[in-house]
Amino acid sequence: MFHRTVFLGHDLIVFLPGPNWEESVEVTHRITSTVETGLTYRENRFPRHSFIRHEQAAAWRIYGSIAQELEVSLIELGAPSVGDRVYVGLPMFADKLSRAAWGSRIYHAEWVLNYDETGCSIIAANAVPEVPARRWLAPLLVGRLAQRPDLDAITDNAVEYTLQLVERSPWDFRIAPVEAAVGPDWPSSLKPNWLNSPRSGTEDLTIVDDVGDGRVEALDNQEGIVRRTQRFSISLKSRDEIRLLLNFFLARKGRVESFAAPWFHRPGSAGPETPHVTQARFTQDELTLRFVTDGYAEAEIEFTQVPWEEDGVAGEEPVQKPDVYFYRFWQDVPGGPIVWRFTNWEHDLTRTENEAPVAYLGDTKAFFKHDQVDQTIDFSDNPTTLSSWMFDGNPLMLAVKRELEAPLNIEIRHGTPDAPNDAKLIYVGKIGRVKDVGRQLRAETIVLGGKQDAKIPAKPYGPNCKHDFCRAGCNLNPANWTFEGFFSSQTGMSVTVAVGSNPPGAGLEDDWFAGGWIKHGAGANYEIRQIVRSENLGGGNQRFRLRRPFRHFAVSETVTFRPHCRGTPTECHEKYNNRLRFGAHPRIGPKNLSLPTRDIETPTGKK
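Bear in mind that the values here come from a model prediction, so they are computed numbers and not experimental data. (Residues numbered from 1 in each chain as written. Predicted model: local features only at pLDDT ≥ 70, side-chain atom pairs only at ≥ 80, totals over all residues. Heavy atoms only, no water.)

S.K.: Would you explain the packing of aromatic side chains in this entry?
M.R.: The way to describe two aromatic rings as a pair is by their centre distance and the angle between their planes. In total, this model carries 38 aromatic pairs according to the counting rule given. Centroid distance F249 to F282: 5.2 Å. Interplanar angle 75 degrees. Geometry classified as edge-to-face. Placement of the pair is F249 in helix α2 (residues 239–251) and F282 in strand β20 (residues 277–282), with a sequence separation of 33 residues. Classification of F249 as buried rests on a relative accessible area of 0%. For F282, a relative accessible area of 3% gives the class buried. (Phe/Tyr/Trp six-rings, centres within 6.5 Å; stacked < 30°, edge-to-face > 60°. Helix = DSSP H or I, 4+ residues; strand = E, 2+ residues; numbered from the N terminus. Buried < 20%, exposed > 50% of the residue type's maximum accessible area, 1.4 Å probe, protein only.)

Quick look at the structure:
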């Protein structure tokens, strides 16, 4: 009754025993949202995600060998898996149906369990056969246990336990209510059951600030408008009523959208202060159904009045679209840039870039977030910090594994999931330091290539040349100092290269290439290494001692390498014959006269 399998590449344990219906089965439906409330109670509300998520809680009483299977399965939840943890699967017990009744189900899942006491199989929702192999069908809920259950022994071979399964699972396992038509207002057929009296109340936003020790409290000018609240119980006597309530909750995106709602406490005639119908929204992000049987459920509903939306205010849009961030990493390497794309949304999104569609991986495959992005008009933007999870394909892992062959660039765009192409660029920088904290990665960015951190004066006077070799100021042609050759062998940190071209016709004595670089490959196989020492082996062969060995090595592969200039007069004049471009003052001593000298007083103590 507990089956462990690998499905869609995920390690999964399916719990099949039927629950104890004497304790009821609870299913919680959640759409997380953010509500920003002003002092006048005007609100901005937007969902954090668009797809409804579920939790299922139930109690079981099992005996004998099934109880033993349960013990084994709970141990296996901590066993090594194909992913970071083992997922748990449960049937949606309210929809445990025969094939003949399958059309009346409440929930739709991408994958369906076909099961009975003999075992189970998982089939696609759009491929349920007319004659299933086993007796029952049920939508498959996949996620994580909210906590490990305690097993209460009834006898020496029977236990009772409770499970709460939270739908934290890949997008492929998503579940939603079967569609039902709903309007913009509260369905008139859904009324309180009056077994538990509806409760009506009021709330305000008055904040009291005590100043001094006097008898009178000081009000800090933050009085808010008073608004009404209402809470009532409802009995859903059929699957149609259950679907109706769930679809209305989903259509309103939880507490995001307001609607016309009846007020069930109606003293006297209706008026502005005691309306019989008003504009309201759900108070909570979640809606819990307590299934007494598979076709009968009870729920607690709570409304909050939104009086500013009775007639609306011109120019105001209290219902906001969800926001989403797009993270694009890239490296400029020979053979074209290497690009990684991620989004913090709940599933993959497609943007058009360079007139071609490209996919940004959603949070079921990638996990990224960043702290605040500060921007100012004087370009003194602060760096931001990225956080992510260790996973295959994470570009930040290249830094951790010391495989970053070129600077890693990052751009962040902000937009909405329904219009990815309209996302606005809010940040561009380079990845600086990356550190791992447990299984998390945290990366600090560098703004404007680190130029803001340059010291003043940028090029102080001194005896060493301040120009970069073969760059502006130096003005040597890189082509005249770039060599080509072929790999011969690699042993540890040393690589042997057969020199194929020698543009300057130099003698290439020992350490002639020390401090330079050697590179090969393109795209994802591009690698560049610093040459620590070089040794002339004769016959046109050089042995280079590297900082790190090459990860990709093939005999006879073409490589490119270049020497280095340390900026001394000897190297500039004699090795490179570039005396006229020497960017320093060779007769100045090592003490830098362009910077002030700090006086340091050494305090003396007294006996």
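S.K.: I'm lost on the environment of P91 in this one. Help?
M.R.: Inspection of the secondary structure assignment puts P91 in strand β7 (residues 87–91). For P91, a relative accessible area of 0% gives the class buried. Residues P91 and L113, spaced 22 residues apart in sequence, show a C-alpha to C-alpha distance of 6.8 Å. When neighbours within four sequence positions are excluded, P91 is seen to be in contact with F15, L16, Q56, L113, Y115, A138 and P139. (Contact = heavy atoms within 4.5 Å.)

S.K.: Any chance you could explain the layout of surface pockets here in plain terms?
M.R.: Within this model, the second largest pocket holds a volume of roughly 430 Å³. Each residue belonging to the lining of the second largest pocket can be placed in one class, and the counts come to nine nonpolar, six polar and five charged. (1 Å grid on protein atoms, 1.4 Å probe; cavity = no way out; pocket = protein on both sides within 12 Å on 5 of 7 lines; lining within 4 Å. Points joined across faces, edges and corners; volume = space filled by probe spheres on them. Nonpolar A, V, L, I, M, F, W, Y, C, P; charged D, E, K, R; others polar.)

S.K.: Would you mind going over the sheet that holds strand β30 (residues 424–437) with me for this structure?
M.R.: Pairing between the strands of a sheet is mediated by backbone hydrogen bonds and can be parallel or antiparallel. What the seven strands build is an open sheet, ordered β24-β23-β29-β30-β31-β28-β27; its pairing is antiparallel. The sheet terminates laterally at β24 (338–343) and β27 (368–370), the two strands that pair on one side only. Averaged over all pairs of adjacent strands, the angle between their axes in this sheet comes to 30 degrees, without regard to strand direction. Across seven bridges, strand β23 (residues 324–331) lies against strand β29 (residues 409–415) in antiparallel orientation. Each bridged residue has a counterpart across the sheet, and for Y327 the counterpart in β29 is I412. (Pairing = 2+ DSSP bridges. Axes fitted to C-alpha atoms, helices over the stretch in contact; angles between N-to-C directions.)

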